[in-house]
Amino acid sequence: MTTLYIGNHTSSSKEYAAMGKQTVKNGGNTFAFFTRNPRGGKAKTIDETDIRKFLSLAEEEHFGKIVAHAPYTLNCCAGKEDLRIFARDTFADDLQRMEYTPGNYYNFHPGSHVGQGTEIGIQKIAEILNDVLTEEQTTTVLLETMSGKGTEMGRNFEELKEILNRIEKENKMGICMDTCHVWDGGYDIVHNLDGVLNEFDRIIGLSRLKAVHLNDSLNDLGSNKDRHARIGEGKIGLEALIRIIKHPALAGIPFILETPNDDAGWAEEIRILKEAFYH
Ligand code: FE
Ligand code: FE
Ligand code: ZN
């Protein structure tokens, strides 16, 4: 039987060992966290004792891969050059920090082209990735599928593939599929999950799909909105989300809840999803 790797995005950026312990309390075996203040700023210095504690906890508890999240303000295809310098520096610094917990995932939003157009957007994103990715890194960098609000990049599988195509170290890259975002972006994962996954496979390749952000959505299919709902309280619904965690094409990858919740709420969602997965 395959293992379900499930956990939640931690509510506050704490020490690694504390995030690991809270994950175990919530019933999870993976988690997500912001590498620094989600709105940017300086990262906390890494405490090697804390890292050691976390690594042994993760081993004891058979954690799956953890999924770090870049700050929202990191926009690789910003119009202003100072914002791109911030994006490049933050990206490079985060990738160095990620090596303290080797072999995990670093997820980021492709960015917003802010009126420059998708072609320039794709070029600028690839340019920064080509600057910061290294042959030595053990981290896989994940582009997140986006809902397509405003001038957001990564609104469909074709656009994500275009970005991947221009990255020299493509073997360091993967995709994180956010269920709320793809639904809001017009992919009907409720009535046609197989069709959506086949399309993903045809355009990008399922071997690139490394993680899922498991969220319900407050809005309708194709709304291009991006408002997360608790599991079973949105337009996607519990049954469809259960089909996703049980889908053989997604077996073994981490599922991260980014639902508007507290730890008690996440523990309850994890309990319901594990129950559905194992029974
Ligand atoms: Fe995200
Ligand atoms: Fe997400
Ligand atoms: Zn979102």
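Anything mentioned here points back to the structure above.
Residues numbered from 1 in each chain as written. Chains lettered and ligands numbered in written order. Predicted model: local features only at pLDDT ≥ 70, side-chain atom pairs only at ≥ 80, totals over all residues. Heavy atoms only, no water.

The buried fraction of strand β5 (residues 140–144) is high, at five of five residues. Along β5, one buried face is formed by Thr-140, Leu-142 and Glu-144 and the opposite face, lined by Val-141 and Leu-143, is buried too. A crossover connection joins strand β4 (residues 105–108) to the parallel β5 through helix α4 (residues 118–132); in handedness this β-α-β unit is right-handed. The sheet contact formed by β5 and strand β6 (residues 173–178) spans four bridges and is parallel. Bridge pairing links Glu-144 to Cys-176 in β6. The handedness of the β5 to β6 crossover, carried by helix α5 (residues 157–165), is right-handed. (Buried < 20%, exposed > 50% of the residue type's maximum accessible area, 1.4 Å probe, protein only. Helix = DSSP H or I, 4+ residues; strand = E, 2+ residues; numbered from the N terminus. Right-handed = clockwise from strand over helix to strand, strands pointing away. Pairing = 2+ DSSP bridges.)

For the coordinates displayed, the defined rule picks out twelve aromatic pairs. Arranged with centres 5.4 Å apart and planes meeting at 70 degrees, the rings of Tyr-16 and Phe-33 form a pair that is edge-to-face. Of this pair, Tyr-16 sits in helix α1 (residues 16–25) while Phe-33 sits in strand β2 (residues 32–34); the two residues are 17 residues apart in sequence, bridging distant segments of the chain. Both residues of the pair, Tyr-16 and Phe-33, belong to the buried class. Summarising the aromatic geometry, the rings of Phe-31 and Phe-33 are spaced 5.8 Å apart at their centres and angled 50 degrees between planes, so their arrangement reads as tilted. Like Phe-31, the residue Phe-33 is buried in the burial classification. Among the aromatic residues, those joined into a ring-pair cluster are Tyr-16, Phe-31, Phe-33, Phe-54 and Phe-63. Between Lys-65 and the ring centre of Tyr-105, over which it is positioned, the NZ or CZ distance is 5.8 Å. (Phe/Tyr/Trp six-rings, centres within 6.5 Å; stacked < 30°, edge-to-face > 60°. Lys NZ or Arg CZ within 6 Å of the ring centre and 35° of its normal.)

This brings us to the nonpolar core. Ranked by size, the top nonpolar core spans 70 residues in total, and within it Phe-91, Phe-108, Leu-214 and Phe-255 carry the most contacts. The element that contributes the greatest number of residues to this core is α4, accounting for six residues. Ignoring any residue separated from it by four or fewer positions in sequence, one finds Phe-108 in contact with Ala-70, Leu-74, Cys-76, Phe-91, Ile-125, Leu-129, Val-141, Leu-142, Leu-143 and Glu-144. Counting residues in hydrophobic clusters, the runner-up holds seven residues, among them Ala-32, Cys-176, Ala-211 and Ile-256. (Core = buried A, V, L, I, M, F, W, Y, C linked by side-chain atoms within 4.5 Å. Contact = heavy atoms within 4.5 Å.)

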